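A structural walkthrough
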Amino acid sequence: MKEAIYGWQLKRNLMHISNVLRQVKEQAEVNNTEALQILRFYHLGLEQMHKLDDNNHALVDLMAEKHATETQMGALGLSLEQISFDPAWIEAYKTL
């Protein structure tokens, strides 16, 4: 049952991010660190979902964008160790 709850919560968080993805990407382009962390979580979450669904085609498409975000974060000295996500982070992007 824990796996089902985890999958549901992950999909819910990804949906919330998808709703503001354009704004998050715009802010990530100008090196907003919070936006980059949100985008990092989004990529990691999508990667997990694609692996669980055995959707290799979508996974290949995702990897280029994920790598670009990782490169940008590395250049800014940000950690790639994403161990948490706070849904409150996306609240600010709903008004942009």
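Residues numbered from 1 in each chain as written. Predicted model: local features only at pLDDT ≥ 70, side-chain atom pairs only at ≥ 80, totals over all residues. Heavy atoms only, no water.

1. Some words on the overall build of the chain
Summing up its helical and strand segments, the chain has four helices and zero strands in all. Expressed as lengths along the three principal axes of its C-alpha atoms, the size of the chain is roughly 40 × 30 × 20 Å. Across the chain, the fraction of contacts at a sequence separation of at least 24, relative to all contacts at a separation of at least 6, is 69%. When the accessible surface of the chain is split by element, carbon and sulfur atoms take 55% of a total near 6,200 Å². Taken as two groups, the 9 positive and 13 negative side-chain charges of the chain have centres that lie 4 Å from each other. (Helix = DSSP H or I, 4+ residues; strand = E, 2+ residues; numbered from the N terminus. Contact = heavy atoms within 4.5 Å. Areas by Shrake-Rupley, 256 points an atom, 1.4 Å probe, with all protein chains shown as cover. Lys, Arg positive; Asp, Glu negative; His and termini not counted. Charge placed at Lys NZ, Arg CZ, Asp CG, Glu CD.)

2. Structural notes on the pattern of salt bridges
Oppositely charged side chains are able to pair whenever their charged atoms sit close together. The full count for this structure, using the stated rule, is seven salt bridges. The residue glutamate 65 makes a salt bridge to lysine 25 at a minimum N-O spacing of 3.2 Å. Separated by 40 residues along the polypeptide, glutamate 65 in helix 4 (residues 56-75) and lysine 25 in helix 2 (residues 21-29) bring together distant segments of the chain. For lysine 25, a relative accessible area of 30% gives the class partly exposed. Glutamate 91 is paired through a salt bridge with lysine 94; the nearest N and O atoms lie 3.2 Å apart. Sharing partners across several salt bridges, the network here consists of Arg40, Glu47, Lys51, Lys66 and Glu70. (Salt bridge = Lys/Arg side-chain N within 4 Å of Asp/Glu carboxyl O. Buried < 20%, exposed > 50% of the residue type's maximum accessible area, 1.4 Å probe, protein only.)

3. Quick look at the nonpolar core
Counting 22 residues, the largest nonpolar core has Leu14, Ile17, Val24, Ile38 and Phe85 as the members making the most contacts within it. Those elements that place two or more of their residues in this core are helix 1 (2-19), helix 2, helix 3 (33-52) and helix 4. Per-element accounting of this core gives the leading share, eight residues, to helix 3. When sequence neighbours within four positions are dropped, the list of residues in contact with valine 24 reads Ala35, Ile38, Leu39 and Tyr93. (Core = buried A, V, L, I, M, F, W, Y, C linked by side-chain atoms within 4.5 Å.)

4. Thoughts on helix 1
For an α-helix, 3.6 residues make a turn, and residues three or four places apart therefore share a direction. End to end, helix 1 covers 26 Å across 18 residues, agreeing with the expected 26 Å (1.5 Å per residue, within 8%). Those residues of helix 1 that fall on the buried side of the exposure criterion are Gly7, Leu10, Asn13, Leu14 and Ile17. Buried residues of helix 1, seen end-on, are gathered within an arc of 130 degrees and therefore sit on one face of the element. Exposed side of helix 1, more than 90 degrees from the buried face: Ala4, Trp8, Lys11 and Asn19 are the residues found there. Among the structural elements, helix 2 and helix 3 are those in contact with the buried residues of helix 1. (Expected span 1.5 Å × (residues − 1). Arc of directions from axis to C-beta.)

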